[in-house]
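Secondary and tertiary structure notes
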Amino acid sequence: MTRTAPAPDSGVAIVRRPNRVRLGWLVAVLALLVALSLLSLAIGSRDVTLADIVAGLGGSVDTLGEASVVKRVPRTVLAVIVGAALGLAGAVMQGVTRNPLADPGILGVNAGASLAVVIGIAWFGLASATGYIWTAIVGAAVAAVFVYSVGSLGRGGATPLKLALAGAATSAALASFITAVALPRGDISGIIRSWQIGGVGGASFDSIRQVAPFIVVGFAVCLLSARSLNSLALGDDIAAGLGERVAVVRAIAALGAVLLCGAATAVAGPIAFVGLVVPHFCRLLVGVDQRWLLPFSAVAGACLLVVADVLGRIVARPSEIDVGIITALIGAPVFIAIVRRQKVRAL
Amino acid sequence: MIRVRARSAAAAASITPVAAGSTLIDAEPRSPVRTADLVAGARSRRQGRRRVVIAILSALIVVVFAVSLMVGQTFYSPAEVVGVILGQDVAGATFTVGRLRLPRAVLAIVAGLSFGLAGVTFQTMLRNPLASPDIIGISAGASAAAAFAIVTLSLGGAAVSLFAIVSGLGVALIVYGLAYKGGAAGTRLILIGIGIAAMLESIINYILSGAGQWDLQEALRWLTGSLNGTTWAQVVPALVALAILGPLLLGRSRDLSALQLGDDTASALGVRVERTRFLVMVAAVGLIAFATAASGPIAFVAFLSGPIAARILGANGSPLIPSALVGALLVLVADLAGQYAFGTRFPVGVVTGVLGAPYLIFLIVRTNRAGGSL
């Protein structure tokens, strides 16, 4: 790794890479994603043959093997979509807050989406997938604004420590409220609990179709703000000097990230740490240029979630471990490694 | 030296409602002997205030404890309750009060004292009000181990406590070890703790999701803490742990106050910093682990007790005992409210969680705005 001087604010190593190398990595990661997706179709509590996979992808459900492949298609698609959304959202949040620890899970955005959905289910009889998505996005946005404003009060602005503490505190607070709302309603606690544990296991093409528009808009907004995020990385003053309207850029990019998080949380329940781990890993491969980093984070996020889903199916055969639990087990050590690498002053 | 002391005493006195600040300032330029007298006077007044606070808190605990024994589906008179406690056979009350309400109320006090004491210890030691065991993952560690022992291994009693304490200590050591990099920095320790806590919570979720026959109410014990269905078998280990570890921690309160001035100053004052920190941490984690094994990690009690006690007490001496008392009072009141104040019976952890959340955020806002120690 050619690590040079750390960037002034983010404390992340700057890595310069020629475009040829970046392109090579992009092809490699895409190939990895395809391979993992096929693996996700092949692995599960029932063993299937290659012929089953080919036939199942063609839509045939004649044998049990083919039928299980057909059942695994939507969850694989959903894992790819949700993983890409969370990876991209994490990269954008790290860019917007210039904070290496930003992640929808750490910053309490997922918890905000969860509380909004739980309140919707308990008090307003929310039942439709579209309803879940809108409520989740509103909840995510409110939580994001709240955590960011609490974390950026006082001297030094939004330092990683203040943001992480504000996020952890808000998550803890929201978790209590979720329990308080859900507990008196024994009739719906089953729905809430299964949604909260969530994961991609219960995916259907119907729910994917519902969430797709939100994800597409979120992707577009995030990817289009890549150039502005590059300027933002130089610091607010320099970005303004380069002609960026800093506040507007920040708000738009954050909106894109919130759309992605909210939509992903609505279909798959709260999943933490994907948005934290993926951008850090990608920065090692392609450097800090957001125009490369953002698409890369999306693809790598998809890979991570598919891997987590497959692992969850292998580890606890014949039952499954929820993908959110696996990502937390993978992600928390990475979080700790990042914290350890930073200088105390930078925190 | 004496002059400096006097000035800080004057400052303390003018903050607290204890009058006489003006006379202190008037007296300052006079002879040193007189100043020393004044310092002694201010100190004894502060001691007095601390005693008053402790007395009032204790009285409140006794009152709420008595109320929680009397009130319920059936009301029992004080005479009947006292009779049961003295071991007499009172029709009806012997079962309801003796078997149901008494262990519950006693555990409320024991767990509250343990969480309050351990919480303020961590906050003092790490010099950060947010560094309480429930935020840096120690409660989550004890809770995950207890849930694992009970749900997955079907253990009970002492074995669960053993699991909880080993895992709580293990998590504390891991967090401390990972944060240690030529001395353990407070900020790094807190952030690493948050990461570990997130991981442990996902493990708790997994354990609970595997236990289909467990209903949400039971599961909540390991997520937010609950006193429902408390038996003496749960209370006794926590009580014993408190009786042993509590005095040990209180005996270290002077070293702890010195640590609050910073590691360098503390070692200049003759405190063996790393050793004290290790001992105190083991004792505090022990308290947390035993209490968690009995009641689950009652949300935010460890976090809230210290700041509330500091508010009441002002800068008047060691906050350890007042914080423990505040913790006990919090748990007792929250449990009483959770049982009877709402239409549904909420476990105590949900009540303390909902009460504590706004305070937590208020605290972060205030600390950030003051540009304080964060």
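Before reading on, note that the structure itself is shown above.
Presented here is a report on the structure given in the accompanying data block. Every value quoted in this text rests on a predicted model; they were computed, and no experiment measured them.

Procedures and definitions
- Residues numbered from 1 in each chain as written.
- Chains lettered and ligands numbered in written order.
- Predicted model: local features only at pLDDT ≥ 70, side-chain atom pairs only at ≥ 80, totals over all residues.
- Heavy atoms only, no water.
- Helix = DSSP H or I, 4+ residues; strand = E, 2+ residues; numbered from the N terminus.
- Buried < 20%, exposed > 50% of the residue type's maximum accessible area, 1.4 Å probe, protein only.
- Contact = heavy atoms within 4.5 Å.
- Areas by Shrake-Rupley, 256 points an atom, 1.4 Å probe, with all protein chains shown as cover.
- Axes fitted to C-alpha atoms, helices over the stretch in contact; angles between N-to-C directions.
- Parallel < 35°, antiparallel > 145°, perpendicular 65-115°, else oblique.
- Left-handed = near helix turned anticlockwise from the far one by under 90°.
- Nonpolar A, V, L, I, M, F, W, Y, C, P; charged D, E, K, R; others polar.

Moving on: the overall build of chain A. Each helix and strand counted, chain A has 14 helices and 0 strands in total. When the helices and strands of chain A are placed in sequence order, the string is α-α-α-α-α-α-α-α-α-α-α-α-α-α. Counting every position in chain A, which comprises 347 residues, the buried fraction comes to 56%. Long-range pairs, those at least 24 residues apart, make up 74% of the contacts in chain A between residues at least 6 apart in sequence. Of the roughly 14,100 Å² of accessible surface on chain A, 68% is carried by carbon and sulfur atoms.

By the element assignment, Ala220 of chain A lies in helix H8 (residues 205–224). Expressed as a C-alpha distance, the spacing of Ala220 of chain A and Arg20 of chain A, which sit 200 residues apart in the sequence, is 25 Å.

Once that is clear, we can look at the side chain of Gln123 of chain B. Residue and element names in this part refer to chain B. Examined against the element boundaries, Gln123 turns out to sit in helix H5 (residues 93–126). With a relative accessible area of 7%, Gln123 lands in the buried category. Once residues within four sequence positions are removed from consideration, Gln123 is found in contact with Asn128, Pro129, Ala131, Ser132, Ala302, Phe303, Gly306 and Pro307.

Moving on, we get to the packing of H5 of chain B against helix H13 (residues 273–295) of chain B. Residues and elements named next belong to chain B. Between H5 and H13, the shortest axis-to-axis distance is 9 Å and the interhelical angle comes to 150°. One finds that H5 runs roughly antiparallel with respect to H13. Helix-helix and strand crossings are classified by hand; for H5 and H13 the assignment is left-handed. Where H5 abuts H13, its residues Leu107, Ala111, Ser114, Phe115, Leu117, Ala118, Thr121, Phe122 and Met125 lie against Arg277, Val280, Met281, Ala284, Val285, Leu287, Ile288, Ala291, Thr292, Ala294 and Ser295. Classifying every residue of the contact of H5 with H13 by side-chain character gives 15 nonpolar, 4 polar and 1 charged.

It is worth stressing that arrangement in space is one thing and function is another; only the former is reported here.
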